[in-house]
Amino acid sequence: MKYGFFEDASREYVITNPQTPWPWINYLGNEDFFSLISNSAGGYSFYKDAKFRRLTRYRYNTAPIDNGGRYFYIKDEDTVWSPGWKPVKTPLDSYECRHGMSYTKITGVKNGVSAEVLCFIPLKSWAEVQKVKLTNNSDKVKKLKLSSFMEWCLWNAEDDQNNLQRNLSTGEVEVVDSTIYHKTEYKERRNHYAFYHVNAPIQGFDTDRESFVGLYNEFSNPQVVFEGKPRNTVAHGWSPIASHYLEVELKPGETKEFVFILGYIENPDDEKWESKGVINKKRAKELIARFDTVEKVNAAFADLKSYWDNLLSVYMLKSSDEKLNRSVNIWNQYQCMVTFNMSRSASFFEVGIGRGMGFRDSNQDLIGFVHQIPERARERIIDIASTQFEDGGAYHQYQPLTKRGNNAIGGNFNDDPLWLILSTTVYIKETGDYSILDEMVPFDNDETKAKPHFDHLKASFYHVVNNLGPHKLPLIGRADWNDCLNLNCFSNNPNESFQTTENQKGGTAESLMIAGLFVVYGRDFVELCRQIGKNAEADAAQIHVNNMVEAIKTHGWDGEWFLRAYDFYGKKVGSKENEEGKIFIESQGWCTMAGIGVEEGMCKSALDAVKRDLDCEYGIVLNNPAFTKYVVEYGEISTYPAGYKENAGIFCHNNPWIMIGETVIKRPDMAMDYFKKICPAYLEEISDLHKTEPYVYSQMIAGKDAFKPGEAKNSWLTGTASWNFYAISHSILGIKPQYNGLQIDPCVPPSFGDYQVQRKFRGATYNIQIKNGSKGFGVKRLTVDGKVVEGNIIPLGTANSLNILVELD
Ligand code: BGC
Ligand code: NOJ
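From a predicted model like this one, the values you see are computed outputs, not experimental measurements.

Draft legend 1. Up close: the pairing of strand S11 (residues 113-120). Burial runs high along S11: eight of the eight residues are buried. What you see with S11 is no split at all: Val-113, Ala-115, Val-117 and Cys-119 on one side and Ser-114, Glu-116, Leu-118 and Phe-120 on the other are buried throughout. Relative to S11, strand S10 (residues 103-110) is paired through eight bridges, and the arrangement is antiparallel. For Lys-110, the partnering residue across the bridge sits in S11 and is Val-113.

Rendered as structure tokens:
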């Protein structure tokens, strides 16, 4: 069943039934201030860091689900309702939620009153604006009582949830006119506060949760709202909230609009106070003044819209496949921007306290947004590289607020360093900005250890070379891309984390996935060295790449597919000799992307095995057969029930590696078929099974061995977004930025027909028309403004706009 529809012209997904199979959410904010918002207005806001600067409270994994948010209550005579259906859940006469590009508009209609709530974070602002529009469509005068509601989080989201002996005593607020200020801990070490304001006189307020909700009531029936009378409470400790109370009279046909603003302010130390104990509100007033009228809000909303028009104008596809167009042009690129902002920190599956920015995750995310915001991609690369160690190794994550690496979710993942070569080379190919290589970048955030960024890439490359095992294959360390293949962990204690527990020393577990990855990005390193004239460096590196290719062919081939690893004891993992886990996706992906043994038929054989053993109706599973027993020498992978997560789930992040591998051996139908299987736009009809949003990828879809194959989890924050965008835009549709120009190298099914791509690249607009052929790959003829160009790379030129015609074989 469907719960809504795509409206491509407005770039919105329109939800028409509030009872979606799971909360279907959106993200607001683009730079410093962010919010999560569900289709019934649940969610929370934070400044930069979902752990250290959480502004509003939200509860995860509760019953009912999705508890807490920016809620509005309308009391119309004896009926109380909310525009987003929740939290009151009074049946509405009509409901609609439009999730768009960094905004959400929720409209509820009840008894002749329509309430439209538009939420967004204006560009360059530390504030969420909520424009509430009430219209009386009945023929009677309506006397409505409108209450707003949100609950303050005491800044550190982790502490907020577990340090109750302290937190129930620290809460402090101030209320002045129509603004409620949250100033917990401001007196001491904090120089920031938050506020919630409405641009109209209020007839009351509440800031104490117990008084407002009632100790034994719920958000669905707050006692103050049902009594129709605020208590004007000022919170002292316990749980501070912010609720405005407004009496709104509407004549038949009349509309009134209100602007609510949730803002965040930082004050310099010497400007903290207005008078003793009274916070300095100057900056809050300035922020409020920017959005205190409907006109100003509308103008800010229009700016946000043009910001997105511009971002999405860099890569635009026109094909006969509507679902593909909407995925490529709108939602996939949008999701890439969200993963750029959040990494894996805050979603409805990630609580925003455990995981900051991942080293490997953020490098990979970059390939999905570098074309839109190259300057910010550059900054991100430098931030990540600054956390790297001198030997090329890496912290697995860093915290966005401090930009410092930490080991909170482990370290020694030996794939980590290589992803820095991916992000940097993709960035330079997109921009031509080689200066990033000369930028002085610290190691481990220590400025005294700064070296040119190029040296970081070299350290990444040699981290692999310096950590080879007995088969001359890369040592896996704690794990490679697959966090759960813990070959050195040996954990029998249920109270320790596989990610952080002390690894056993002395083993020689090796990874074929890192081996393939090294060949791909090792070659990129060599090519980069040549581009900048470091030929001796390139020659030296090439030898290591060649050696790795040989090591894979000699020790990494299982007869029909690539092995996955050698374990601690040197035994094969992912081999026909194994009882379970005979074949894994990751090494098939990376070794075929590297084209290893393509001449000898290895790539074809490996990809045929993927099709036979790993593919199913809903996508390609990670391994087969699934593990049914705990294998202590393999670790977390064998702890998941069969068919879920890393144990034979369809871990969507790695499916595009196979798609790209298929384009290496020129099987466009296979590549496109895999693409469509997991692309959410094609799954809208099966939302009841799929569960998560039909407009974004999920990390995992339950695999063929699962209890319920096809059910997705962990939507939004996943490397799936960028890799699928890369696979479709780059490898399948074939638009590939290179150092010396734009390469056109499609691999599309012949049945896909002709298509057009408009691509902005290095300051020019390329209008590319592709005339498909009987094979769907191989450029037969390429003309630029009518002139034939040899090969398939359009050289860089001076024109602002170019018309390109490509005929495929
Ligand atoms: C999950 C992985 C995740 C890791 C680190 C594991 O439990 O299965 O997908 O990357 O935890 O948080
Ligand atoms: C999720 C993590 O964020 C990512 O880094 C990892 O590669 C996958 N899980 C697979 O384990």
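Draft legend 2. Representation of the sheet that holds strand S24 (residues 395-399). Reading across from one edge, S23-S24-S25 is the order of the three strands in this open sheet, with antiparallel pairing throughout. Of all strands in the sheet, those with a lone pairing partner are strand S23 (357-358) and strand S25 (404-411), marking the two edges.

Draft legend 3. Fine view of the sheet that holds strand S44 (residues 793-795). Strand order across the open sheet formed by three strands is S38-S39-S44, with antiparallel pairing between neighbours. The open sheet has two edge strands with one neighbour each: strand S38 (735-738) and S44. For this sheet, the mean angle separating the axes of adjacent strands, direction not counted, is 25 degrees. Of the strand pairs in this sheet, S38 and strand S39 (residues 741-744) are connected by four bridges, and their pairing is antiparallel. Bridging from a neighbouring strand, Lys-736 pairs with Gln-743 of S39.

Draft legend 4. Highlighting the site of ligand 2. Surveying the vicinity of ligand 2 reveals the residues Arg-344, Arg-355, Arg-360, Asp-361, Trp-481, Asn-482, Asp-483, Glu-646, Phe-651 and Gln-699. Between ligand 2 and the protein, one listed contact pairs an oxygen atom with a backbone N or O atom of Asp-483 at 3.0 Å. Here ligand 2, which alone exposes 300 Å², has 95% of that area covered by the protein. Here the residues of the shell around ligand 2 sort into two nonpolar, two polar and six charged.

Draft legend 5. Local environment of the packing of aromatic side chains. For the structure on display, the rule yields 60 aromatic pairs. Note on Phe-149 and Phe-212: the rings are 5.4 Å apart at their centroids and 15 degrees apart in plane angle, and the pair reads as stacked. Taken as a pair, Phe-149 in strand S13 (residues 142-155) and Phe-212 in helix H3 (residues 209-213) lie far apart in primary sequence, 63 residues in all. Taking the relative accessible area as the measure of exposure, Phe-149 reaches 1% and is therefore buried. Of the residues examined, Phe-212 reaches a relative accessible area of 0% and is grouped as buried. Ring plane angle 40 degrees and centroid distance 6.0 Å describe the contact between Tyr-196 and Phe-260, whose orientation is recorded as tilted. Highlighted residues: Tyr-196 in strand S16 (residues 192-198) and Phe-260 in strand S19 (residues 255-266), separated in sequence by 64 residues.

The rules behind the values
Residues numbered from 1 in each chain as written. Chains lettered and ligands numbered in written order. Predicted model: local features only at pLDDT ≥ 70, side-chain atom pairs only at ≥ 80, totals over all residues. Heavy atoms only, no water. Buried < 20%, exposed > 50% of the residue type's maximum accessible area, 1.4 Å probe, protein only. Helix = DSSP H or I, 4+ residues; strand = E, 2+ residues; numbered from the N terminus. Pairing = 2+ DSSP bridges. Axes fitted to C-alpha atoms, helices over the stretch in contact; angles between N-to-C directions. Near = heavy atom within 4 Å. Polar contact = N/O pair within 3.5 Å; in protein donor to acceptor, adjacent residues only side chain to side chain. Areas by Shrake-Rupley, 256 points an atom, 1.4 Å probe, with all protein chains shown as cover. Nonpolar A, V, L, I, M, F, W, Y, C, P; charged D, E, K, R; others polar. Phe/Tyr/Trp six-rings, centres within 6.5 Å; stacked < 30°, edge-to-face > 60°.

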